[in-house]
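Report on the structure
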Amino acid sequence: MTDISSLLPASVLRNLADKLYEKRKNAALEVEGVVRTLTAAGDHEKISAIINVLTHEFAFSPQANHRKGGLIGLAAATVGLASEAAQHLEQIVPPVLNSFSDQDSRVRYYACEALYNIAKVARGEFIVFFNQIFDALCKLSADSDANVQSAAHLLDRLVKDIVTESDQFSIEEFIPLLRERMNVLNPYVRQFLVGWITVLDSVPDIDMLGFLPDFLDGLFNMLSDSSHEIRQQADSALSEFLQEIKNSPSVDYGRMAEILVLRASSTDEFTRLTSITWMNEFVKLGGDQLVPYYADILGAILPCISDKEEKIRVVARETNEELRAIKAGPTEGFDIGAVLTIARRELSNECEATRIEALHWMAVLLEKHRKEVVLLVLEVHACIARDAPHFRHLVVFLVHHFRMDHSLLEKRGTLILRRLCILLDAERVYRELSTILEGEADLDFASVMVQALNLILLNSSELAELRALIKQSLSNPSGRDLFNALYSSWCHSPMATISLCLLAQAYQHASAVIQSLVEEDINVKFLVQLDKLVRLLETPIFTYLRLQLLDPGRYTWLLKTLYGLLMLLPQQSAAFKILRTRLKTVPAYTFSGELPNISANAIRRTASGNPYAQILSHIPSLPSGSQNVEDGDRNTDISNGTNGINFTMRLQQFEHMQRQHRLHCKSQSQMTRQTRRSNSSGTAQEAQRSDEPRRSSLPADSSRPPSRSSWRS
């Protein structure tokens, strides 16, 4: 083991711990000379021994003067090592860094001085300690002693010079340290941080823009600092970064947009203005990349439209227009629901300008994404309507809007009602609609609405369970109750009533409904609905009905119903041909070989070519007041109707409703004729008044033949 006394005289060690700076300085020069000699000789073992003594007996000493001597000695040793200092930096630098937290301000000062001299010698090799040095400088920049602060600033400038010229600096390792310090409130630390951000951004080989999201929030936080100088420095740095963003082809707009949105609600006007300005540029530059952040940006922009600062209002309005101009859909990540939620939230804003812009956004969404918006609004209402009182209010609200806007029912009615049946119970929805429509005063609207509901019932896959329940109306109490509930309002439309009966397999009643129709009922609208029904009979929904035609003896009322529909159709219509073709395929026999109450020999083709004349002729006509017996249920006890359905009462209900519709149509026709008559009589009177002056001006001449007007009179 090397004896330190043989390397450093006792006088040198004594002077290193002296209270006088000059003696410590002279001793340090002695240390430098010894280390230089040993370096020339290549004796690094002795150099390590000297550094070890300077560290443990001086730098770590409890006495302040010893610590000061140790620091100046370590710096002198580094100077003596010169170009070979790198291999001893692991011994030299840590004790110096440890002294930065010393309680004695003079020790901290000498630590800055020592590290400055060490850095001047080591230069690029010094970078390996950068994070520890940066952390220490960050603390020293806010030191309570002005001399320490001054020394730290000198060291800071030197370290910056070393970093800018080094190719070993790792920005990836530095950014977490910077991000951790960015929310410090001390003004000196803030100046220190902004200074480093600016310097590193000026280095061409360091991509600070790529890491901007990591410290952007801290820079925005500095914009509200009480110090004008710090606000100015932060604004200058942000302006430089914004310019770089404009010139860069690849920028992470998303992460920064989240920060800007938060800062747009700052209480500081300058921060709000800067964040809104950045968002304005982002919307112009980012375009489609910002689509997923539309809602967040809009949520920040709308309140700023009503800001008390005019500059903020102007930029916010411009940004709002830019947002509306971007065309994007759900496939590009456009979250319609989120944007709609923001617009709805701002409708309750206390400022009128913001509320108006929120309404404009809702109008834009309805125009561009009508279907999606309608569904989202409906989902919100459906969540509220899960409670019984709200449920009825929602259905009444929908019926009212359909009544007031027939185009809504025509264009969006199916979409709305199908979605409502998915979100809420389909049976519950149909029962409530039927209850409301049963007492509807506007008979024309009730008829149209029932026809729409009927088509949805027959077509929609979402209502498959509801159709299955109605099919069991003759055998299932739940199906019977549903049939009775719907029938009352379905009476508004003959074709809807017939469709409901076919779905419920109440074929005898369907035939009775057809027989009850009169001339006034068979109009163009009726024939259009009948055409739709005939085409629906060929769809998979009515497969069971077509299969029942294989047994005409059992389902004779079905056969009579279909022939009744055929007789109502014009022979040249496509629906007539479709239904006639279907009826021609019905077998003229049962697969059991016999018909009820009809001998097999009686089945033969008639002269008209209809093989079912004998079958149909054996169906008894029912006197009014009798109960119906449906197909397939001939042995059922009918004293109280078929499974609780009083079809006679239902037929009377249907006929009563149809009489109301006929009276309504007659009154409408009379009003139309009176209007036309009054208009035509007014026109004739005007013409007569215009002719009278001309007649009075003509002299009487018995030799002239009578004029055309005299013939009319």
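Look up a bit, the structure's there.
Below you will find a few notes about this structure. (Residues numbered from 1 in each chain as written. Predicted model: local features only at pLDDT ≥ 70, side-chain atom pairs only at ≥ 80, totals over all residues. Heavy atoms only, no water.)

1. Digging into the overall build of the chain
Across its full length, the chain carries 34 helices and zero strands. Sequence separation of 24 or more characterises 70% of the internal contacts of the chain that already satisfy a separation of 6 or more. (Helix = DSSP H or I, 4+ residues; strand = E, 2+ residues; numbered from the N terminus. Contact = heavy atoms within 4.5 Å.)

2. Quick word on the packing of aromatic side chains
Scanning the entire structure with this criterion turns up 19 aromatic pairs. On the basis of an interplanar angle of 75° and a centroid distance of 5.8 Å, the ring pair of Phe 220 and Trp 278 is categorised as edge-to-face. Taken together, the residues Phe 220 in helix H11 (residues 212-222) and Trp 278 in helix H14 (residues 269-286) connect sequence positions 58 residues apart. Judged by its relative accessible area of 0%, Phe 220 falls in the buried class. Trp 278 gets classed as buried once you look at its relative accessible area, which sits at 2%. An aromatic cluster of at least three residues, connected via ring pairs, comprises Phe 130, Phe 134, Phe 169, Phe 174, Phe 192 and Trp 196. Lying over the aromatic face of Tyr 109, Arg 106 brings its terminal NZ or CZ to 4.8 Å of the ring centre. The residue whose ring lies beneath Arg 428 is Phe 391, and the NZ or CZ to ring-centre distance is 3.8 Å. (Phe/Tyr/Trp six-rings, centres within 6.5 Å; stacked < 30°, edge-to-face > 60°. Buried < 20%, exposed > 50% of the residue type's maximum accessible area, 1.4 Å probe, protein only. Lys NZ or Arg CZ within 6 Å of the ring centre and 35° of its normal.)

3. Regarding unusual backbone geometry
The phi dihedral of Arg 123 is positive, around 50°, even though this residue is not glycine. Its place among the elements puts Arg 123 in the loop between helix H6 (105-122) and helix H7 (130-140). Overall, Arg 123 belongs to the partly exposed group, its relative accessible area being 28%. Backbone geometry at Gln 505 places phi at a positive 65°, although glycine is not the residue there.

4. Focus: the pattern of salt bridges
Scanning the model with the defined rule gives 30 salt bridges in all. The shortest N-O distance in the salt bridge between Asp 307 and Arg 272 comes to 2.8 Å. Here Asp 307 is found in the loop between helix H15 (294-304) and helix H16 (310-325), whereas its partner Arg 272 is found in helix H14, with 35 residues between them in sequence. Its relative accessible area of 8% is what places Arg 272 among the buried residues. Here Lys 284 makes a salt bridge to Glu 318, at a shortest N to O gap of 2.8 Å. On the criterion of sequence distance, the pair formed by Lys 284 in helix H14 and Glu 318 in helix H16 is long-range, its members being 34 residues apart. Residue classification places Lys 284 among the partly exposed residues on the basis of a relative accessible area of 40%. Taken together, the salt bridges that share partners define one network made up of Asp 135, Lys 139, Glu 180 and Arg 181. (Salt bridge = Lys/Arg side-chain N within 4 Å of Asp/Glu carboxyl O.)

5. Some remarks on the nonpolar core
One finds Met 208, Phe 215, Leu 219 and Trp 278 to be the most contacted residues of the largest nonpolar core, which totals 130 residues. Residue contributions to this core peak at nine residues, all from H6. Contact partners of Phe 215, with chain neighbours within four places excluded, come to Ile 175, Leu 178, Met 182, Ile 197, Met 208 and Phe 241. Listed in part, the 81 residues of the second largest apolar core include Leu 437, Ala 452, Ile 470 and Met 657. (Core = buried A, V, L, I, M, F, W, Y, C linked by side-chain atoms within 4.5 Å.)

6. Observations concerning the side chain of Ser 460
Within the secondary structure, Ser 460 sits in the loop between helix H23 (443-459) and helix H24 (464-471). A distance of 3.4 Å separates a polar atom in the side chain of Ser 460 from a polar atom in the side chain of Arg 418. If we skip the residues at most four places from it in the chain, Ser 460 touches Arg 418 and Arg 467. (Polar contact = N/O pair within 3.5 Å; in protein donor to acceptor, adjacent residues only side chain to side chain.)

7. Some words on the environment of Gln 91
One can find Gln 91 in helix H5 (residues 89-98). Sequence-wise, Gln 91 and Ile 51 are 40 residues apart; in three dimensions their C-alpha atoms are separated by 7.1 Å. Not counting chain neighbours up to four residues away, the residues in contact with Gln 91 comprise Ser 48, Ile 51, Asn 52 and Thr 55.

8. Focus: H6
Every α-helix winds through 3.6 residues per turn, so residues three or four apart in the chain are directed the same way. With 18 residues, H6 should reach 26 Å at 1.5 Å per residue; the first-to-last C-alpha distance of 25 Å fits that figure. Buried residues of H6: Val 107, Arg 108, Tyr 110, Ala 111, Cys 112, Ala 114, Leu 115, Ile 118, Ala 119 and Ala 122, and no others. Of the surrounding secondary structure, the elements contacted by the buried residues of H6 are helix H2 (21-41), helix H4 (64-81), H5, H7 and helix H8 (146-165). After H6 finishes, the residue Arg 123 shows a positive phi value of roughly 50°. (Expected span 1.5 Å × (residues − 1).)

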